[in-house]
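If you want the building blocks of each chain, they are given just below.
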Amino acid sequence: MKKIGVLGAGAWGTALATAAVRAGCDTVLWAREAEVAASINASHENTLFLKGVALPPALRATTDMADLGDCDAILIVSPAQHLRTMSAALAAHVRHGVPFVICSKGIEISSGKLLSDVVTETAPHNPPAVLSGPTFAAEVAQGLPCALTLACTDKAVGMALVEALGAPTFRLYYNEDIIGAQIGGAVKNVLAIATGIVAGLGIGENARAAVITRGLAEIVRFGELFGAQAETLMGLSGLGDLILTCSSTQSRNMSLGKAIGEGQTLESIMASRNSIAEGAHTVEIVYKIAQDNNLDMPITESVYHILKENRDVRSVTEALLARPFTDES
Ligand SMILES: NC(=O)C1=CN([C@@H]2O[C@H](COP(=O)(O)OP(=O)(O)OC[C@H]3O[C@@H](n4cnc5c(N)ncnc54)[C@H](OP(=O)(O)O)[C@@H]3O)[C@@H](O)[C@H]2O)C=CC1
Ligand SMILES: O=C(CO)COP(=O)(O)O
């Protein structure tokens, strides 16, 4: 795998394209907006989504999806709710057998499907893989070290991707569990909003640790429903990403929760940003799936009540704390 296409030139797509160039791949980055492609090609900077980070001159950007036609693998990095449209459009341009590596984190709201199922439906001749882990885009783009899970049910394809994209500062660990690798990344965003709310309310570091740990129990319950392997949920794409995202306001999800906890409205926060906070969307479908399947996910439910039903942050938090005591499973 020598030529890599990256679909989506937001912060993460840009960082991943940079990592692919560093790993020695001929890399083409597709941007939806001409302004983004132009700034990457002319000044080696993504001024809209990753301002201030110098990108490698070898990175080429395009707005023409046909330019990805001869790639050996494609990384899909659109927001999760746009992945269906992106995958279907891409399938018309690339060869059969070229893997579609899902780098977005979320679950399709309209269907309740994992993104790998969305790829299988829209691009049946392109095997899905998943790249997920604790990785803030800006750090990856600067070449700081990180580690991620590369999941693919076909080990030969998965290992070929690891060999092509992996580097000393971009360590990839192969995992066959493509389902588990998607669950942690999707649900941790909701839990990061919860820890952000804790920070915004100023109710302490102990409460944050409690939300992370009981949040992990929610990830495990949710993962079991989909058939995820427990080891995957405890790995980079699960616990690893949960710890990172719930520990830093570099996270868009955590900072969104913090602003909510400080009294701002979801609408005003969204209006002030051009970046995606997936948890604010994912919470809707995680809540629905939990309700439909009788899963106990009280932290997720609380985030849903606050974000989607406009309930009072302090009352919801008090109700969460006042739940009956139970065993630690
Ligand atoms: N940022 C990070 O640190 C990480 C992000 N991720 C995940 O990667 C995914 C993308 O996030 P990120 O790159 O940060 O996004 P950003 O918030 O930086 O940028 C928004 C992205 O969304 C794209 N976009 C906006 N509207 C549409 C649309 N209607 N159709 C298709 N694409 C659209 C933009 O495309 P365009 O450039 O063409 O306008 C751009 O790529 C998310 O699922 C996120 O959870 C995963 C790991 C780390
Ligand atoms: O997924 C991420 C880190 O692994 C990025 O988190 P945010 O989308 O909350 O910024």
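Note that this is a predicted model, so its numbers are computed, not measured.

## Considerations on the site of ligand 1
Then, number 1: Every one of the 27 residues lining ligand 1 counts as a neighbour, but G10, A11, W12, R32 and S275 are closest to it.
Then, number 2: No other element matches the 3 residues that helix 1 (residues 11-22) contributes to the shell around ligand 1.
Then, number 3: Considered class by class, the residues forming the shell around ligand 1 number 14 nonpolar, 9 polar and 4 charged.

## Overview of the UniProt feature "active site" (unreviewed entry) in the protein chain
Then, number 1: Sites flagged by UniProt as "active site" (unreviewed entry) map to K188.
Then, number 2: Mapping K188 onto the fold places it in helix 7 (residues 180-201).
Then, number 3: Take K188: there are 34 C-beta atoms within 10 Å of it, and that puts it in the buried class.
Then, number 4: Setting aside residues no more than four positions away along its own chain, K188 makes contact with I219, D241, L242 and T245.

## Re unusual backbone geometry
Then, number 1: Phi at N294 takes a positive value of approximately 60°, unusual for a residue other than glycine.
Then, number 2: When you line up the elements, N294 lands in the loop between helix 13 (279-292) and helix 14 (298-308).
Then, number 3: Even without a glycine there, the phi angle at N310 is positive, about 55°.
Then, number 4: The class of N310 is exposed, set by 10 C-beta atoms lying within 10 Å.

## Focus: the nonpolar core
Then, number 1: Counting 106 residues, the largest nonpolar core has I74, L75, I76 and V101 as its most contacted members.
Then, number 2: For this core, the element with the highest residue contribution is helix 7, accounting for 12 residues.
Then, number 3: The contacts of I74, once residues within four sequence positions are left out, are G5, L7, L68, L90, V94, V98, F100 and V101.

## Description of the UniProt feature "binding site: sn-glycerol 3-phosphate" (unreviewed entry) in the protein chain
Then, number 1: Here the UniProt feature "binding site: sn-glycerol 3-phosphate" (unreviewed entry) sits at K105, G133, T135, K188, D241, S251, R252 and N253.
Then, number 2: Residue placement: R252 occurs in helix 11 (residues 252-261).
Then, number 3: Take R252: there are 24 C-beta atoms within 10 Å of it, and that puts it in the buried class.
Then, number 4: Apart from the residues within four sequence positions on either side, R252 is in contact with S275 and A277.

## Section: the environment of L295
Then, number 1: Mapping L295 onto the fold places it in the loop between helix 13 and helix 14.
Then, number 2: Setting aside residues up to four positions removed in sequence, L295 forms contacts with R221, F222, L225 and A290.

## Here we look at the pairing of strand 6 (residues 128-132)
Then, number 1: Of all the 5 residues making up strand 6, 5 are buried; the element is thus mostly covered by neighbouring parts of the structure.
Then, number 2: Going residue by residue along strand 6, you find P128, V130 and S132 tucked away on one face and A129 and L131 tucked away on the opposite face as well.
Then, number 3: Judged from the 3 bridges that link them, strand 5 (residues 100-102) and strand 6 form a sheet pairing that is parallel. Looking at the pairing, I102 lines up with V130 of strand 6.
Then, number 4: Each parallel crossover has a hand, and the one from strand 5 via helix 4 (residues 115-122) to strand 6 is right-handed.
Then, number 5: Summarising the sheet, strand 6 and strand 7 (residues 146-151) pair through 3 bridges and their orientation is antiparallel. By the bridge assignment, S132 is partnered in strand 7 with T149.

The rules behind the values
- Numbering of residues starts from 1 in each chain and follows the order in which that chain's sequence is written.
- Key to labels: chains lettered from A, ligands numbered from 1, both in the order written.
- Selection of residues for local features in this predicted model requires a pLDDT of at least 70, selection of side-chain atom pairs for listing and counting requires 80 or more, and totals for whole chains, interfaces and linings are taken over all residues.
- In this entry, near means the residue's backbone-placed C-beta atom lies within 6 Å of the molecule or strand.
- Secondary structure elements are defined from DSSP: runs of H or I of at least 4 residues count as helices, runs of E of at least 2 residues count as strands, and each element is numbered from the N terminus.
- The nonpolar class holds Ala, Val, Leu, Ile, Met, Phe, Trp, Tyr, Cys and Pro. Asp, Glu, Lys and Arg form the charged class, and all remaining residues, Gly among them, are polar.
- UniProt positions are given in the numbering used here, feature names are shortened, and annotations may be inferred rather than shown by experiment.
- Buried residues are those with 20 or more other C-beta atoms within 10 Å of their own C-beta, exposed residues have 12 or fewer, and partly exposed residues lie in between; C-beta atoms are placed from the backbone.
- By the convention adopted here, residues are in contact when the distance between their C-beta atoms, placed from the backbone, does not exceed 7 Å.
- In plain words, the nonpolar core is the set of buried Ala, Val, Leu, Ile, Met, Phe, Trp, Tyr and Cys residues that C-beta atoms within 7 Å link up.
- A strand pair is defined by DSSP finding two or more bridges across the two strands.
- Note on handedness: a crossover is taken as right-handed if, strands pointing away from the viewer, the path from the first strand over the helix to the second is clockwise.

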